[in-house]
Amino acid sequence: MEKSETFLRGLPFFSELDDAVATPMLKAGLERSHARGENIFLQNDAASRMFIVLSGWVKLFRQTPDGDEAVLALLSAGDMFGEAAIFGAAGYPFSATAAEDAKVFEIPGDTLRTLAKQNHDVMARVMDSMSRELRNLQMQNEHLALMSAPQRVGCLLLQFSAGLTGAGGGFTLPYDKSLAAARLGMKPETFSRALSQLKSVGVSVDGADVKIASFANLVDYCCAHCSALPGECPGSRSEHGEGTKHCDRTATCPGRRVIKITEK
């Protein structure tokens, strides 16, 4: 727990939060591991806990009576979900399941509400997290309306490769292609065709391994169709190697998470 507490205290939600509030919240919390495919909670369950991802991937989704599934987000280390717990009688508006083996930190809703009454900064931080989620969903809707399938896949690849420097580079997809397709609201076959169409801008794929010959070319192909403002795009890079195109967009496009990927 000591390692996890250090990690949690470094997150925006806890950083600079009064220690008289942060410490009891962390002490009341519980670490729990979930195997791939295990449900964390289901839509309309009583919102009794708020969660923070410690490791792995968590899928948020809604399901129709016919069993069709809409993926709302894929979350990784540092991401929060289940903020509805702060409202007491609320139910979760979506389901959450472990997309890959995952470890989460659960904060009881009772603790959250008690501490929010003592320090209004807790509520402000919860609302800020929910606001970011709403902005991400709005950006996803914009991409659906304005970008082609290959452009949306290219945008996702730029997000995955955001930690790489240089003119181009390679990495391993952090989860299954079928899950990536669902994240973008595509059928798996549409996602595969879109990947193939990206060959013309220097993207090659071998199984889960992806190589991008030129980040600049992929940026040119995708980003003119996105209205993200400076500070809202995770696919850009803060460091630029020779041949890379400068982009002043940074940090929160839809579903963007700071992750460690396997560089090739």
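Given the structure is predicted, the values throughout are model-derived calculations rather than measurements.

A.B. asks: Break down the pairing of strand β10 (residues 203–206) for me, with residues and values.
C.D. replies: Inspection of the sheet shows β10 paired to strand β11 (residues 209–212) by four bridges, in the antiparallel sense. From the neighbouring strand, Asp-206 faces β11, where its bridge partner is Asp-209. With antiparallel pairing between neighbouring strands as the criterion, β10 and β11 make up a hairpin whose turn holds two residues, including Gly-207 at a positive phi of roughly 65°.

A.B. asks: Please set out the packing of helix α1 (residues 2–9) against helix α2 (residues 19–28) residue by residue, giving values where relevant.
C.D. replies: Close contact between α1 and α2 brings their axes to 11 Å; oriented N to C, the two are set at 140°. Between α1 and α2, the interaxial angle falls into the category oblique. In this structure, α1 meets α2 at a crossing whose hand is right-handed. Contacts between α1 and α2 pair Glu-5, Leu-8 and Arg-9 from the former with Asp-19, Ala-22, Thr-23 and Leu-26 from the latter. When the residues that make up the contact of α1 with α2 are grouped by side-chain class, the tally is three nonpolar, one polar and three charged.

A.B. asks: Residues and numbers for the pattern of salt bridges, please.
C.D. replies: In the structure shown here, the tally under the stated rule is 10 salt bridges. A salt bridge links Arg-113 to Asp-110, with the nearest nitrogen and oxygen atoms 2.4 Å apart. Here Asp-110 and Arg-113 lie together in helix α3 (residues 109–118), a separation of three residues that amounts to about one turn. The exposure class assigned to Asp-110 is exposed, which follows from its relative accessible area of 56%. Here Asp-128 ties to Arg-132 by a salt bridge, and the two come within 2.3 Å at their closest N and O atoms. Highlighted residues: Asp-128 and Arg-132, both in helix α4 (residues 120–146), separated by four residues, approximately one helical turn. Look at Arg-132 and you get partly exposed, because its relative accessible area is 32%. It is possible to trace a salt-bridge network through shared partners that takes in Glu-5, Arg-9 and Asp-19.

A.B. asks: Please provide a residue-by-residue account of the sheet that holds strand β3 (residues 49–55), values included.
C.D. replies: Taken together, the four strands give an open sheet; going across it, the order is β1-β8-β3-β6, and neighbouring strands pair in antiparallel fashion. Looking at strand neighbours, the two that pair on one side only are β1 (30–34) and β6 (80–81), the edges of this open sheet. Contacting β3 and β8 (102–108), α3 runs over the sheet at an angle of about 55° to β8.

A.B. asks: Describe the sheet that holds strand β5 (residues 69–75), with residues and values.
C.D. replies: As summarised here, the arrangement of the four strands in space is β2-β7-β4-β5, forming an open sheet in which the pairing is antiparallel. Only two strands of the sheet have a single neighbouring strand rather than two, namely β2 (39–41) and β5. Each strand of the sheet is rotated relative to its neighbour by a mean of 30°, with strand direction disregarded. Where strand β4 (residues 58–63) lies against β5, six bridges are found, and the strand directions are antiparallel. What sits directly across from Phe-61, in β5, is Val-71.

A.B. asks: Any chance you could break down the nonpolar core for me, citing the residues and the numbers?
C.D. replies: With 33 residues, the main nonpolar core has Val-153, Leu-157, Phe-191 and Leu-218 as its most contacted residues. Of all the elements in the fold, those that place two or more residues in this core are β5, α5 (149–160), α6 (177–183), α7 (188–197), β11 and α8 (215–222). Element by element, the count of residues in this core is highest for α5, at six residues. Judged by nonpolar contacts, the second largest core, of 22 residues, contains Leu-8, Leu-11, Met-50 and Ile-52.

Calculation rules
Residues numbered from 1 in each chain as written. Predicted model: local features only at pLDDT ≥ 70, side-chain atom pairs only at ≥ 80, totals over all residues. Heavy atoms only, no water. Pairing = 2+ DSSP bridges. Helix = DSSP H or I, 4+ residues; strand = E, 2+ residues; numbered from the N terminus. Axes fitted to C-alpha atoms, helices over the stretch in contact; angles between N-to-C directions. Parallel < 35°, antiparallel > 145°, perpendicular 65-115°, else oblique. Left-handed = near helix turned anticlockwise from the far one by under 90°. Contact = heavy atoms within 4.5 Å. Nonpolar A, V, L, I, M, F, W, Y, C, P; charged D, E, K, R; others polar. Salt bridge = Lys/Arg side-chain N within 4 Å of Asp/Glu carboxyl O. Buried < 20%, exposed > 50% of the residue type's maximum accessible area, 1.4 Å probe, protein only. Core = buried A, V, L, I, M, F, W, Y, C linked by side-chain atoms within 4.5 Å.

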